[in-house]
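Observations on chain architecture
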Amino acid sequence: MTKNSNIIIAIGSNTDQQRHIQEAREELMRQIPDIRFTDAIWTEPIGMDSSQFLNCLAWGTTALPLEQLQSLLKATERLHGDSRLLRKQCVVKLDLDLLLYNQERLHLKDWHRPYIRELMETSKIETT
């Protein structure tokens, strides 16, 4: 039997934000049945000149191996029209970053962003 892994995913968009965040939630619910979501909050862009981002976190458990989960997240970004070319133009249709897989922290710089800490605290997301 495969052990389920605890996961946390950061979700963000700076283009047609509410639609992309809602579509990402729907897609993730199809792929990860016990996933939950924080409220979405508006944040200023970090390191780029763009409109505001809408961000939220998702958390739950999955039996998917790490590599398969990361592939699923990248495929979901592409499904929603996100691309490297658009990101070079400061357009982020959908960004899905895996922050936690089991006890392994990924995207370490993101853990220090104020909105990530705020969303984790207000939603009481456990990282252990």
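Residues numbered from 1 in each chain as written. Predicted model: local features only at pLDDT ≥ 70, side-chain atom pairs only at ≥ 80, totals over all residues. Heavy atoms only, no water.

**Things to note about the pattern of salt bridges**
Heads up, the condition is: By convention in these notes, a salt bridge is any Lys or Arg side-chain nitrogen within 4 Å of a carboxyl oxygen on Asp or Glu. For helices the rule is a DSSP run of H or I covering at least 4 residues; for strands it is a run of E covering at least 2, with both sets numbered from the N terminus onward. Per-residue accessibility, obtained with a 1.4 Å probe over protein chains only, is compared with the maximum for each type, and a residue is labelled buried under 20%, exposed over 50%, and partly exposed between these values.
Within the structure shown, the criterion is met by eight salt bridges. Of the charged contacts, one joins Lys74 and Glu77 as a salt bridge, the two residues approaching to 3.3 Å between their closest N and O atoms. You can see Lys74 and its partner Glu77 sitting in helix H2 (residues 66-79), three residues apart, about one turn around the helix. One salt bridge connects Arg87 with Asp82, and the closest N-O pair in it is separated by 2.6 Å. Residue classification places Arg87 among the partly exposed positions, given a relative accessible area of 29%.

**Looking at the nonpolar core**
Spelled out, the test is: The set of buried Ala, Val, Leu, Ile, Met, Phe, Trp, Tyr and Cys residues whose side-chain atoms join them within 4.5 Å is what this entry labels a nonpolar core. Here, residues are in contact when the closest pair of their heavy atoms is within 4.5 Å.
Ile9, Ile11, Leu28, Leu69, Leu96 and Leu98 are the most contacted members of the largest nonpolar core, which has 22 residues in total. Of all elements in the fold, only strand S1 (5-13), helix H1 (17-31), strand S4 (53-62), H2 and strand S5 (95-101) reach the threshold of two or more residues within this core. The element that contributes the greatest number of residues to this core is H2, accounting for four residues. In this structure Leu98 touches Ile7, Ile8, Ile9, Leu66, Leu69, Gln70, Leu73, Leu106 and His107, once residues within four positions along its chain are discounted. With 13 residues, the next largest nonpolar core counts Ile41, Leu57, Trp59 and Leu119 among its residues.

**Looking at the pairing of S4**
Formally: Two strands qualify as a pair provided DSSP detects at least 2 bridges between them.
Most of S4 sits out of view: nine of its ten residues are buried. Here S1 runs beside S4; their pairing, made up of nine bridges, is antiparallel. Within the sheet, the bridge partner assigned to Gly12 lies in S4 and is Asn55. In terms of strand pairing, strand S3 (residues 41-43) meets S4 through three bridges, oriented antiparallel. Within S4, the position partnered with Trp42 by the bridge is Leu54.

**A word on the pairing of S5**
Of all seven residues in S5, seven are buried; the element is thus mostly enclosed. Sheet analysis places S5 next to strand S6 (residues 104-105), joined by two bridges and oriented antiparallel. Looking at S6, one finds that Tyr101 is bridged to Glu104.

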